[in-house]
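These are the residues of each chain, in order.
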Amino acid sequence: MTTAALPPHPLPPAARRARRRSAALGLLAWAAGIGFCLPVLWMLLTSFHSEADAATNPPSVAASLTLDGYRSFFGGAGGPTPWPPLVNSLTASVFSTVLVLVLALPAAYALSIRPVHKWTDVMFFFLSTKMLPVVAGLLPVYLFAKNAGMLDNIWLLVLLYTSMNLPIAVWMMQSFLADVPVSIIEAAQVDGARLPTVLARVVAPVAGPGIAATALICFIFSWNELLFARVLTGVVAQTAPVYLTGFVTSQGLFLAQLCAASVVVSLPVLTAGYAAQDKLVQGLSLGAVK
């Protein structure tokens, strides 16, 4: 004698509402993610179109693909080469990021593991420096660079990017270093390790994800900076974002070339973010759960 299969037990109303809410939030997250990616994908597709197809209105999605935009960007048609601006951007971003980490690590150590008197006021001062509009400091910096003979000098941008990114780097790394166990630092000091050794061999490896996240953010900020680079550089120290503005001319907008140039200029940041994505997620989540 066989028994009939029992009907599935219905979920309680609260569980059904929670499941529907979770599904709705998941669909909303997917829609938001696709919405953020669509402009980048459209830029990538337009970079493979000819100038005539890229300028059509409405845009021609199924137009034939070509590499003419990339050939023009890399000087294939006898135009200027983009390598000096790219090298300048890489130089300014890498050197400023290294300087920021060298200066921010001891400062964050003093504010977290060995807190100074009224350290919260110090942190607020660091954060308050980012409240000043960048354009408000443009004229004094320009006059200083002119009188010092440092206009169109890449090392001026290195110093500027270091000073601009240092406050946010100290703010971020203070929260990361606050999670470093004090016991391992004290053990290293008992063994005779001095402060540089403690920072390099004890604190830095433990807070590695946070340091990587800070370095990536500082690199992105430096790579994308346009205002100071546009005003303080000319030909020798021209950066990649300034070079991109050259595609908007009085003769019109070369949309395909501009999209190709934007894709190439975005690749270093995307590559760095992809390579450090695990460290970035770990670093940004440090301190979130106690």
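Below: a short report on this structure. (Residues numbered from 1 in each chain as written. Predicted model: local features only at pLDDT ≥ 70, side-chain atom pairs only at ≥ 80, totals over all residues. Heavy atoms only, no water.)

**Overview of the nonpolar core**
By size, the foremost hydrophobic cluster in this structure holds 25 residues, and its most contacted members are Leu 105, Tyr 109, Met 173, Leu 177, Ile 185, Val 198 and Val 203. If you list the elements that add at least two residues to this core, you get α4 (83-112), α5 (119-128), α7 (154-177), α8 (182-190), α9 (195-206) and α10 (208-224). (Core = buried A, V, L, I, M, F, W, Y, C linked by side-chain atoms within 4.5 Å. Buried < 20%, exposed > 50% of the residue type's maximum accessible area, 1.4 Å probe, protein only. Helix = DSSP H or I, 4+ residues; strand = E, 2+ residues; numbered from the N terminus.)

**Things to note about the packing of aromatic side chains**
The relative placement of two aromatic rings is captured by the distance of their centres and the angle of their planes. A full pass over the atoms with the stated rule returns six aromatic pairs. Here Phe 48 and Tyr 70 contribute two aromatic rings whose centre-to-centre distance is 5.2 Å and whose plane-to-plane angle is 45°, an arrangement assigned as tilted. With Phe 48 in the loop between α1 (13-47) and α2 (51-54) and Tyr 70 in helix α3 (residues 68-73), this residue pair connects regions lying 22 residues apart in the sequence. Overall, Phe 48 belongs to the partly exposed group, its relative accessible area being 28%. A relative accessible area of 14% means that Tyr 70 is categorised as buried. Judged by centre distance (5.2 Å) and plane angle (85°), the rings of Phe 95 and Trp 155 are edge-to-face. One end of the pair, Phe 95, is in helix α4; the other, Trp 155, is in helix α7, with 60 residues separating them in the sequence. (Phe/Tyr/Trp six-rings, centres within 6.5 Å; stacked < 30°, edge-to-face > 60°.)

**Remarks on unusual backbone geometry**
Of note in the backbone geometry, Asp 152 takes a positive phi value of approximately 60° without being a glycine. Take Asp 152: it is sitting in the loop between α6 (138-148) and α7. Asp 152 sits in the partly exposed class, given a relative accessible area of 23%.

**Thoughts on a positive patch on the surface**
A surface patch of positive charge is lined by Arg 16, Arg 17, Arg 20 and Arg 21. On the basis of relative accessible area, Arg 16 is assigned to the partly exposed category, the value being 36%. (Patch = residues over 30% accessible without salt bridge, like charges linked within 9 Å, V, L, I, M, F, W, Y side chains within 5 Å. Areas by Shrake-Rupley, 256 points an atom, 1.4 Å probe, with all protein chains shown as cover. Salt bridge = Lys/Arg side-chain N within 4 Å of Asp/Glu carboxyl O. Lys, Arg positive; Asp, Glu negative; His and termini not counted. Charge placed at Lys NZ, Arg CZ, Asp CG, Glu CD.)

**Considering the pattern of salt bridges**
For the coordinates displayed, the defined rule picks out one salt bridge. Where Asp 68 meets Arg 71, a salt bridge forms, and the shortest distance between an N and an O atom there is 2.8 Å. Linking Asp 68 with Arg 71, this pair stays in helix α3, spanning three residues, or about one helical turn. Assessed through its relative accessible area of 40%, Asp 68 is described here as partly exposed.

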